[in-house]
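The residues making up each chain are set out below.
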2 protein chains.
Amino acid sequence: MTREALRPGRREEILKAAGELFGSRGYHATGMRELAQALELRGSSLYAHIEGKEELLWAIVDRAAAAFTTAANEVPDYLPPAERLERLITAHLRVIFRQLDHAAVFFQDWVHLSTERRREMVARRDEYQQRFRRAVEDGVADGSFQVEDPGVATLIVLSALNFSYQWYDAAGPLDPERLARAYARTLLDGLRSRHHAAAGGKE
Amino acid sequence: MTREALRPGRREEILKAAGELFGSRGYHATGMRELAQALELRGSSLYAHIEGKEELLWAIVDRAAAAFTTAANEVPDYLPPAERLERLITAHLRVIFRQLDHAAVFFQDWVHLSTERRREMVARRDEYQQRFRRAVEDGVADGSFQVEDPGVATLIVLSALNFSYQWYDAAGPLDPERLARAYARTLLDGLRSRHHAAAGGKE
DNA sequence: CCTACCGATCGGTAGG
DNA sequence: CCTACCGATCGGTAGG
């Protein structure tokens, strides 16, 4: 039941400003008047474009989740496990690096969604994690990886990726593509079987 | 200027409850009355034991930071780099796993400290990270590690560790010591030189 | 998109 | 540790 009012694209501007504020200060530390001020509006004027504060949070989190899924969908299932995991890793990081604000909100504020929406996000996140886990398991099965517990290995990999929103600086000196490759190399090597690891080290 | 009032140990109880609430709901989403209720008190009664909400946050964050530093201090500098990093990793994880609530507050709510206290925490965190970075650099120097950029490698390692507070469940099936070892093995192998990686794989 | 206004809740104090 | 109370701010609505 969104209003879809007056100025076209206004809602997008609000989402952008909200992403920046929620991402840096946090959802509950950001007031609606503060958000309005960033857009040179009165607090009450926001409600012509949005339903409420939580709907705003949902819009941002939902988009971020969709961006992750879309990026992962471009990694074909038929790729050999190691290459598949590498592609999943770099795709995941690209989403974080390119939409740092939204990623920050996604990772740190999704808990503040309503129970129902939070439940939905958990389900989507679990499904997404399964793609990583399958790549790890398939790699164990075909001998390219060697890990005690594929579930734990998956969590280690995703943890390494997800915390990057805390320190990655788009204005900093680190090239996102190089960084993504360094990530993938380190994490892949961490999972690699001992005998495989000795081979293939060209670069 | 702490009051240090009436019931002895009452302040500890407050810190414990605050750790749980801030850790699960977040600092700004937790009200002082909510905290009081968890202790079967009126909101105003808290102020006999604490100076204010932010001082409470500071107490928790400061303790968590001290716990990390103390644990790292027990890892001798003279250890060979790979073993040193391994010990730093497991020590770091033990702190997180044993004080999950405080770790959660530390990682997600330190940004809500006052400017001055936030600055101090950044300085202490940077100093702490240097220990990890030196271990990585020393490992590169002596040939046990092979990484493009030691700073980036350090961030990858610490990211993998720090995000664990989001999913680790003390009541779950994962044994913290085994988990810490799996972490260390995966991350160490990720940094290892190709020719070294082939050796030493007993377990 | 504004002015005017709402009830609820916030962290915190006074005084006992 | 309580009752009583404070000003400020919260998200949000009415009505134009």
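About the criteria used
Residues numbered from 1 in each chain as written. Chains lettered and ligands numbered in written order. Predicted model: local features only at pLDDT ≥ 70, side-chain atom pairs only at ≥ 80, totals over all residues. Heavy atoms only, no water. Helix = DSSP H or I, 4+ residues; strand = E, 2+ residues; numbered from the N terminus. Buried < 20%, exposed > 50% of the residue type's maximum accessible area, 1.4 Å probe, protein only. Contact = heavy atoms within 4.5 Å. Least-squares fit on C-alpha atoms with pLDDT ≥ 70 in both. Near = heavy atom within 4 Å. Polar contact = N/O pair within 3.5 Å; in protein donor to acceptor, adjacent residues only side chain to side chain. Nonpolar A, V, L, I, M, F, W, Y, C, P; charged D, E, K, R; others polar. Salt bridge = Lys/Arg side-chain N within 4 Å of Asp/Glu carboxyl O. pLDDT = per-residue confidence, 0-100. Expected span 1.5 Å × (residues − 1).

So, about the overall build of chain A. Helix and strand counts for chain A come out as nine helices and zero strands. C-alpha extents for chain A along the principal axes are approximately 65 × 40 × 30 Å. Across the 203 residues of chain A, 50% fall into the buried class. Here the analysis covers contacts within chain A between residues at least 6 apart in sequence; of these, 72% occur between residues at least 24 apart.

Least-squares fitting of chain B to chain A yields an RMSD of 0.0 Å, with the superposition described by an axial translation of 0.0 Å and a rotation of 180°. Both chain copies can therefore be described as sitting about a two-fold axis. Comparing interface residues between copies, 100% of those in chain B also lie at the interface in chain A; the contact surface is shared.

Our focus in this paragraph is the protein's contact with DNA strand D. Around DNA strand D, the surrounding shell holds 17 residues, and the nearest of these are Met32, Arg33 and Lys53 of chain A together with Arg10 and Ser45 of chain B. Protein-adjacent atoms of DNA strand D, using a 4 Å cutoff, are sugar or phosphate at a proportion of 51%. At 2.8 Å, a side-chain N or O of arginine 33 of chain A approaches a base nitrogen of DNA strand D. Grouping the amino acids of the surface near DNA strand D by side-chain chemistry returns five nonpolar, seven polar and five charged.

The next point concerns the pattern of salt bridges. In the structure shown here, the tally under the stated rule is 30 salt bridges over all chains. Glutamate 55 of chain A is the partner of arginine 11 of chain A in a salt bridge, and the nearest nitrogen-oxygen pair spans 3.0 Å. Remark: glutamate 55 of chain A occurs in helix 3 (residues 53–73) and arginine 11 of chain A occurs in helix 1 (residues 10–25); sequence separation between them is 44 residues. We classify arginine 11 of chain A as buried; its relative accessible area is 18%. In this structure glutamate 55 of chain A comes out as buried when scored by relative accessible area, which is 10%. Of the charged contacts in the structure, one is a salt bridge between aspartate 189 of chain B and arginine 185 of chain B, with a shortest N-O distance of 3.3 Å. Taken as a pair, aspartate 189 of chain B and arginine 185 of chain B lie in helix 8 (residues 176–191) at a separation of four residues, close to a single helical turn. Across the pair, exposure class does not vary: aspartate 189 of chain B and arginine 185 of chain B are buried alike.

Here we come to the confidence of the model for chain A. All names here are of chain A. On average, residues of chain A carry a pLDDT of 92, and 93% of them reach 70 or more. Across residues 1–5, where pLDDT falls below 50, the model places 10 contacts with residues more than four positions away in sequence or in other chains. The low-confidence segment residues 195–203 (pLDDT under 50) makes 11 contacts with residues lying over four places distant or belonging to another chain.

What follows deals with helix 8 of chain B. Residues and elements named next belong to chain B. Compared with an ideal rise of 1.5 Å per residue, which puts 16 residues at 22 Å, helix 8 spans 23 Å between its outermost C-alpha atoms and is within 8% of the ideal. Counting buried positions over the 16 residues of helix 8 gives 12, a clear majority of the element. Of all the residues in helix 8, the buried ones are Leu179, Ala180, Ala182, Tyr183, Ala184, Arg185, Thr186, Leu187, Leu188, Asp189, Gly190 and Leu191.

Close to DNA strand C lie 17 residues, the nearest being Arg10 and Ser45 of chain A together with Arg33, Tyr47 and Lys53 of chain B. Each atom of DNA strand C within 4 Å of the protein belongs either to a base or to sugar and phosphate, the latter forming 50%. For DNA strand C, a phosphate oxygen lies 2.9 Å from a polar atom in the backbone of methionine 32 of chain B. In the environment of DNA strand C, a base nitrogen lies 2.8 Å from a nitrogen or oxygen atom belonging to the side chain of arginine 33 of chain B. For the surface near DNA strand C, the per-class residue count stands at five nonpolar, seven polar and five charged.

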